[in-house]
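Coordinate analysis (summary)
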Amino acid sequence: MTAPEIERLINLLAKLPGLGPRSARRAVLALIRRREALLAPLAKAMADVADSVRTCSTCGNIDGRDPCALCADARRDASVICVVEDVADLWALERTGAFKGRYHVLGGTLSALDGIGPEDLSIPALIERAGADGVAEVILALGATVDGQTTAHYIGDKLTDAGIAVSGLAHGIPVGGELDYLDDGTLSAALKARRKLGGQRPGESG
Ligand SMILES: [Zn+2]
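Residues numbered from 1 in each chain as written. Predicted model: local features only at pLDDT ≥ 70, side-chain atom pairs only at ≥ 80, totals over all residues. Heavy atoms only, no water.

**A short note on the nonpolar core**
One broad trend across soluble globular proteins is that nonpolar side chains are buried collectively. Grouped together as the largest cluster of nonpolar side chains are 23 residues, with contacts concentrated most on C82, V84, L93 and L169. Put simply, the parts of the chain that give this core at least two residues each are α4 (69–72), β3 (77–84), α5 (87–96), β4 (101–105) and α8 (184–192). Apart from residues no more than four positions distant in its own chain, V84 is found in contact with D89, L90, L93, H104, V105, L106, A141, L142 and L179. Counting 18 residues, the second largest nonpolar core, distinct from the first, contains I81, L110, L142 and V166. (Core = buried A, V, L, I, M, F, W, Y, C linked by side-chain atoms within 4.5 Å. Buried < 20%, exposed > 50% of the residue type's maximum accessible area, 1.4 Å probe, protein only. Helix = DSSP H or I, 4+ residues; strand = E, 2+ residues; numbered from the N terminus. Contact = heavy atoms within 4.5 Å.)

Written out as structure tokens, the structure is:
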């Protein structure tokens, strides 16, 4: 028999990606054994994040402030917007240090199967941002999954119709690959060798 509060902690941790009930149980035990060094600081860190976390109303990044540090940084190139599915992808690109422009987090991909349409993602906001003065290029850094590529086609067409220059990541991203799982070298190479889209569908040769 475990105390109900401990059971509750285990159940909550077990909801995290990569953790099942078994590993959650082990994690909780490790935390309790290192109460002073780990459990208390972790509880404080979680409370701090819960209090301070914001979603950037411009780009969708998660940060302690809105606009986020990336949007507020005047040294970053506002003429290039890199579109990603998820904040995890933004963080992956930031880790590479290869991109110095601005981001736009879609919050997912279009999916006919799951009934996710453009209005469910921040696509309308992207179209509006991309059409603003001073935006010269939009880079679609979407995963090589079916839904990722469908989303890239859709956005690419919309932006091309609006006369905005669009590019996609170079090949080298494995099919079915999600950005977050790529090593930094592969990701920055795919970004640097990005290719112009325009009329042409991503995935077509040339
Ligand atoms: Zn932002």
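**A closer look at the coordination of the zinc ion**
Taken together, C56 (SG), C59 (SG), C68 (SG) and C71 (SG) make up the full set of protein donors to the zinc ion, lying 2.3 Å away. Of note is the zinc ion, whose four donor atoms meet at the metal with angles of 104 to 116° in an arrangement that counts as tetrahedral. In the primary sequence, the donor residues of the zinc ion line up as C-x2-C-x8-C-x2-C. In this pair, C56 sits in the loop between β1 (54–55) and β2 (62–63) while C68 sits in the loop between β2 and α4, placing the two residues twelve residues apart along the sequence. (Donors = N, O, S within 2.8 Å, 3.2 Å for Na, K, Ca; no water. Tetrahedral: all angles 85-135°; square planar, octahedral: opposite > 155°, others 65-115°.)

**Details of the packing of aromatic side chains**
One pass over the structure, following the stated rule, counts one aromatic pair. Aromatic pair F99 and Y103: ring centres 5.1 Å apart, planes at 65°, arrangement edge-to-face. Across the pair, exposure class does not vary: F99 and Y103 are buried alike. (Phe/Tyr/Trp six-rings, centres within 6.5 Å; stacked < 30°, edge-to-face > 60°.)

**Thoughts on the pattern of salt bridges**
For the structure on display, the rule yields five salt bridges. A salt bridge links K44 to D48; the shortest N-O distance between them is 2.8 Å. On the criterion of helical spacing, the pair formed by K44 and D48 is a turn pair, its members being four residues apart in helix α3 (residues 35–52). According to the relative accessible area criterion, K44 is exposed, its value standing at 52%. According to the relative accessible area criterion, D48 is partly exposed, its value standing at 37%. (Salt bridge = Lys/Arg side-chain N within 4 Å of Asp/Glu carboxyl O.)

**Concerning helix α7 (residues 146–161)**
Because an α-helix completes one turn every 3.6 residues, residues spaced three or four positions apart along the sequence face the same direction. With 16 residues, α7 ought to run about 22 Å at 1.5 Å a step, and its terminal C-alpha atoms sit 23 Å apart, in line with that. Buried residues of α7: G148, T151, A152, I155, G156 and L159, and no others. The buried side chains of α7 occupy one side of the element, clustering within an arc of 130° when seen end-on. Turned more than 90 degrees away from the buried face of α7, the exposed residues are V146 and D161. In this structure, the buried residues of α7 make contact with α6 (123–130), β5 (137–140) and β6 (166–168). (Expected span 1.5 Å × (residues − 1). Arc of directions from axis to C-beta.)

**Some thoughts on the sheet that holds β5**
Across the sheet, five strands lie side by side as β4-β3-β5-β6-β7; this open sheet has mixed pairing. In this open sheet, the two edge strands, each paired with only one partner strand, are β4 and β7 (195–197). Adjacent strand axes in the sheet meet at a mean angle of 35° when their direction is disregarded. The pairing of β6 with β7 spans three bridges and is antiparallel. Bridging from a neighbouring strand, V166 pairs with L197 of β7. In the packing of α5 onto the sheet, the strands contacted are β3 and β4, and the crossing angle to β4 comes to about 160°. (Pairing = 2+ DSSP bridges. Axes fitted to C-alpha atoms, helices over the stretch in contact; angles between N-to-C directions.)

**Some words on the packing of helix α2 (residues 21–33) against α3**
Packing of α2 against α3 leaves a shortest axis separation of 6 Å and a crossing angle of 115°. For the pair formed by α2 and α3, the contact residues are L31, I32 and R33 on the first element and R35, L38, L39 and L42 on the second. Each residue belonging to the contact of α2 with α3 can be placed in one class, and the counts come to five nonpolar, no polar and two charged. (Nonpolar A, V, L, I, M, F, W, Y, C, P; charged D, E, K, R; others polar.)

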